[in-house]
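Each chain, written out:
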Amino acid sequence: MRSFELIEPRSLGEACVALAAVEDVKVIAGGTALLPMIKQRLMLPRLLVNLKKLRDASEISFDSQGGVRIGALATINEIETSPLLRKLYPVLAEACHVVANIRIRNMATLGGNLAHGDYQSDPPTVLSALDARVELRSQRGTRTLSLGDFQLGSYETALAPGELVSAVLIPPPPDGLKGLYMKFTSGSSEERPCAGIAAFIRTENGICRELRLAVGAVSAQPVRINSAEERARNQPLTTELMQAIADESARVVRPIDDIRGPADYKRHLVGVLAGRALTALAVGESEIHT
């Protein structure tokens, strides 16, 4: 491994100064993704900026107007076990519960998870369905992007040079919104998902007032099935409608071939999982996974 310099700032401001100082620099938080890449010589930075000593960078807070703010250094396990998140956004907590294993969840951070841009990941799918935004910080100031605008492709994000993820912002959940996350792996339960489905629904007297459906891990970034969401609005959630939405989900996604399966297999899998998720929500199940 090539030698590198390590800086451990104590504030976000100091971290941004360090990032702007040189070009060949990488940010490290939990290190579960970056360190293996360095060891395999896929990345050889001259400077590592370790964020673990930042103050208040992992705080999880909520206000009724802005919603929840999750500091970028909050670990996957802290999100999984947060009483606040388990109350307000239980599906996000459940999705974090099925990430890898407890060792990884204790080290990996949400900010690092998003900044890494790995399409085969669980939290981004749920965050997409929750209309989450990503807060970015640099010496130039702070900006926020929707998750769809932030995650551009496989291992590709909108992070600019000298910029880091500082927080994830989620709007307040609408009253009556219930949801679930379904994950399918082609091997053990600890593996990355072959496909993931996040579904949320709000009904009134048997009529669907709002549907949110996001598909992850099959294409280069999570995909919101907007056409299906619009189709379900103000309609009875019948068996025929649910099947049509499942078919639409399989049609809209653009799967890619990888070691977890060919594109055609993933497309079929999306249709099956979408149908199961909608059926589970129709009969009152929530916060489940497979």
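Conventions we followed
Residues numbered from 1 in each chain as written. Predicted model: local features only at pLDDT ≥ 70, side-chain atom pairs only at ≥ 80, totals over all residues. Heavy atoms only, no water. Helix = DSSP H or I, 4+ residues; strand = E, 2+ residues; numbered from the N terminus. Rg over C-alpha atoms; globule rule 2.2 N^0.38 Å. Buried < 20%, exposed > 50% of the residue type's maximum accessible area, 1.4 Å probe, protein only. Contact = heavy atoms within 4.5 Å. Areas by Shrake-Rupley, 256 points an atom, 1.4 Å probe, with all protein chains shown as cover. Lys, Arg positive; Asp, Glu negative; His and termini not counted. Charge placed at Lys NZ, Arg CZ, Asp CG, Glu CD. Salt bridge = Lys/Arg side-chain N within 4 Å of Asp/Glu carboxyl O. Pairing = 2+ DSSP bridges. Axes fitted to C-alpha atoms, helices over the stretch in contact; angles between N-to-C directions.

This part takes up the overall build of the protein. Looking only at helices and strands, one finds 12 helices and 15 strands in the protein. Over its C-alpha atoms the protein spans a radius of gyration of 19 Å, differing by no more than 12% from the 19 Å that the globule rule assigns to 290 residues. Residue burial in the protein is summarised as follows: out of 290 residues, 50% are buried. Counting contacts in the protein only where the partners sit at least 6 residues apart, residues at least 24 apart contribute 60% of the total. For the protein, the accessible area works out to roughly 13,400 Å², and carbon and sulfur atoms hold 49% of it. Once the 33 positive and 33 negative side-chain charges of the protein are each reduced to a mean point, those two points are 3 Å apart.

Quick reminder: α-helices carry 3.6 residues per turn. Residues three or four places apart thus point the same way. Most of helix α5 (residues 90–97) is tucked away: 7 of the 8 residues are buried. Along α5, the residues classified as buried are Pro90, Val91, Leu92, Ala93, Glu94, Ala95 and Cys96.

What the rule picks out here adds up to 16 salt bridges. The salt bridge involving Glu8 is made with Lys53; its shortest N-O contact spans 3.1 Å. Remark: Lys53 occurs in the loop between β3 (47–50) and β4 (60–63) and Glu8 occurs in the loop between β1 (5–7) and α1 (12–21); sequence separation between them is 45 residues. Judged by its relative accessible area of 39%, Lys53 is partly exposed. Note that Glu135 and Arg69 form a salt bridge whose closest N and O atoms lie 2.5 Å from each other. Taken together, the residues span a long stretch of sequence, with Glu135 in strand β6 (residues 133–138) and Arg69 in strand β5 (residues 67–71) at a distance of 66 residues. Overall, Arg69 belongs to the partly exposed group, its relative accessible area being 31%. One network of salt bridges, in which partners are shared, links Asp131, Arg202, Glu210, Arg212, Arg224 and Glu229.

This paragraph deals with the side chain of Thr109. Looking at where Thr109 falls in the secondary structure, it is placed in the loop between α6 (102–107) and α7 (110–116). Residue class for Thr109 comes out buried when judged on its relative accessible area of 3%.

Moving on, we come to the sheet that holds β3. Pairing is parallel in the open sheet, where 3 strands are placed in the order β1-β3-β2. Each of the sheet's edge strands pairs with one partner strand only, and the pair in question is β1 and β2 (25–28). Ignoring strand direction, the axes of neighbouring strands in this sheet form an average angle of 25 degrees. Here 3 bridges tie β1 to β3, and the two strands are oriented parallel to one another. What sits directly across from Leu6, in β3, is Leu48. Each of β1, β2 and β3 touches α1; the most contacted strand, β3, lies at about 170 degrees to it.

Tracing the sequence through the fold places Gly31 in the loop between β2 and α2 (34–39). A relative accessible area of 12% places Gly31 in the buried class. Counting along the chain gives 73 residues from Gly31 to Ile104, while the straight-line C-alpha distance between them is 9.7 Å.

We now examine the pairing of strand β12 (residues 195–204). Of all 10 residues making up β12, 7 are buried, and the element is well covered by its neighbours. Two elements, strand β11 (residues 178–184) and β12, share 7 bridges in a ladder whose sense is antiparallel. When the sheet's bridge partners are listed, Tyr181 is paired in β12 with Ala198. When β12 meets strand β13 (residues 207–216), the two strands line up antiparallel, connected through 9 bridges. If you follow Arg202 over to β13, its bridge partner there is Glu210.

Spatially, 5 strands are ordered β4-β5-β10-β6-β7 in an open sheet, and the strand pairing comes out antiparallel. Each end of this open sheet is capped by a strand with a single partner; those strands are β4 and β7 (141–146). Pairwise comparison of adjacent strand axes, ignoring direction, gives a mean angle of 25 degrees for this sheet. Two strands pair when backbone bridges link them, and β5 and strand β10 (residues 164–170) are joined in this way by 4 bridges, in the antiparallel orientation. Paired with Val68 across the strands is Ile170, a residue of β10.

Now for unusual backbone geometry. It is generally the case that most residues other than glycine have a negative phi and that most peptide bonds are trans. One non-glycine residue, Asp56, lies in the positive phi region at around 60 degrees. Counting through the fold element by element, Asp56 comes out in the loop between β3 and β4. Asp56 gets classed as exposed once you look at its relative accessible area, which sits at 65%. The backbone phi angle of Ala217 is positive, close to 75 degrees, even though this residue is not glycine. Within the secondary structure, Ala217 sits in the loop between β13 and β14 (223–224). Ala217 sits in the buried class, given a relative accessible area of 1%.

These values are about where atoms sit, not about what they do.
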